[in-house]
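Fold and geometry: a report
Spelled out, the chains give:
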Amino acid sequence: KMRRAATVLRQLRPMSGGASSTEAVVLSQQSGGLAVATLNRPKVLNSLDLDMVRILDPLVQKWSSDESVHAVLLKGTGEKAFCAGGDVVSVAQSGKKGGADGGAFARNFFREEYILDYNLAQLVKPFIVFMDGITMGGGVGLSVPAKFRVATEKTLFAMPETGIGLFPDVGGSYYLPKLEGELGMYLALTGARLKGEDVVKAGIATHFVPSSELDVLESELTQLPKSDQHRAVAELLDQFDRRTAADATFTPHMAEINHSFAATSVEGILERLEASGTEWATKQRGTILKMSPTSLKVTHEQLRRGATMTLAECFQMEYRITQGCMRQTDFFEGIRALLIDKDQSPKWSPATLADVSPELVESHFAPVDNDLHL
């Protein structure tokens, strides 16, 4: 049973810097049996803010129970992005010690975002996402719950959170360990980007359709039969699928990924990469060493635990970790260095992996006062 959101559908107030003053940040419509939600903040790459979450969740609830809706499609406005991530700058401003709202926004954003992501995963009707363009962080959280995940030549996937003092959340602890071998751990720690067909070949998307054909595909989706819609959607997407038989760009490195990233600690991973000595391994090691040491250790533990958890348990764990991150300084420093001052030189604290104690890591997984129960 889907969790009921307390929020009612409402017209959103105009947002600055996102949608135009006359347009809502989420557009919704129904054509035939297809209900469509469109993220509509193209100027900020459709990044997900709390207002969008509060529109989307009631929409999902409504469409779930509406018998005239046979399938649900989620997409983004503009040429560049499906959704480039969550509104982490606002979260950082709220969560910082002494934030004007006492950190309420930081608590609410993660909580309500995770409830939405969880509810998307509970949709019984065919759920399709067009991952056309940048799909990172919060955008991944909106897309991976879908049974039908359509990548295009413009798709750019990443979970880059360790670089901002956070961790691959939005269900990453559930979905990433399910990828082939140690691919999930590699993507989580390095923030590596996958493009186009690679996103399908990694198992993150299910189909590859040229961006220019999405409008025709959407039109066809409005003509679904009233019964056996899952099979009808699958057959239609298979007709549009244009993936090739070529190897993914990461395929030549899979043996090295599976060996190095299977180590039982982040230090162990770095040792294996150093011992390998290949150009690729040296590059990955350099990338990891730039990330927040605390985030790296927390992420490694998060994925290790998530591999045996339910989705609901993963979201509860991730919510606890977010509150742990709000108690430390790396998230605020990462946002400052990469997104506000843009000096690209975060000063992490602790500054080295050796200084990140097991106790500090464990504190991120402790129950919190307002635990998330799904």
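About the cut-offs
Residues numbered from 1 in each chain as written. Predicted model: local features only at pLDDT ≥ 70, side-chain atom pairs only at ≥ 80, totals over all residues. Heavy atoms only, no water. Pairing = 2+ DSSP bridges. Helix = DSSP H or I, 4+ residues; strand = E, 2+ residues; numbered from the N terminus. Contact = heavy atoms within 4.5 Å. Axes fitted to C-alpha atoms, helices over the stretch in contact; angles between N-to-C directions. Buried < 20%, exposed > 50% of the residue type's maximum accessible area, 1.4 Å probe, protein only. Right-handed = clockwise from strand over helix to strand, strands pointing away.

Here we take up the sheet that holds strand β5 (residues 127-131). In a beta sheet, neighbouring strands pair by backbone hydrogen bonds and run either parallel or antiparallel. With mixed pairing, six strands are arranged side by side in an open sheet as β1-β2-β3-β5-β7-β10. In this open sheet, the two strands that pair with only one neighbour each are β1 (26-31) and β10 (207-208). Bridge analysis of strand β7 (residues 148-151) against β10 gives two bridges, and the strand direction is parallel. For Ala-151, the partnering residue across the bridge sits in β10 and is Phe-208. Where helix α8 (residues 214-221) meets the sheet, its contacts fall on β2 (34-39), β3 (71-76), β5 and β7, and the angle it forms with β5 comes to roughly 170 degrees.

Moving on: the environment of Glu-113. As for its position among the elements, Glu-113 is in helix α3 (residues 104-121). C-alpha separation for the pair Glu-113 and Leu-34, spaced 79 residues apart in sequence, amounts to 24 Å. Residues within four places of Glu-113 in sequence aside, it is in contact with Leu-48, Val-53, Asn-108, Gly-138, Asp-169 and Val-170.

Of all six residues making up β3, five are buried, and the element is well covered by its neighbours. Taking the sense of rotation as the criterion, the β-α-β connection linking β2, helix α1 (residues 50-65) and β3 turns out right-handed. Here β3 pairs with β5 via three bridges, running parallel. Each residue of the ladder has a partner; that of Leu-73, found in β5, is Ile-128.

Moving on, we come to unusual backbone geometry. Here the bond from Ser-349 into Pro-350 is cis, since omega is -5 degrees, no more than 30 degrees from zero. Here Pro-350 lies in the loop between α15 (330-340) and α16 (358-363). Phi is positive for Leu-45, close to 55 degrees, though the residue is something other than glycine. The residue Leu-45 is located in the loop between β2 and α1 in this model.

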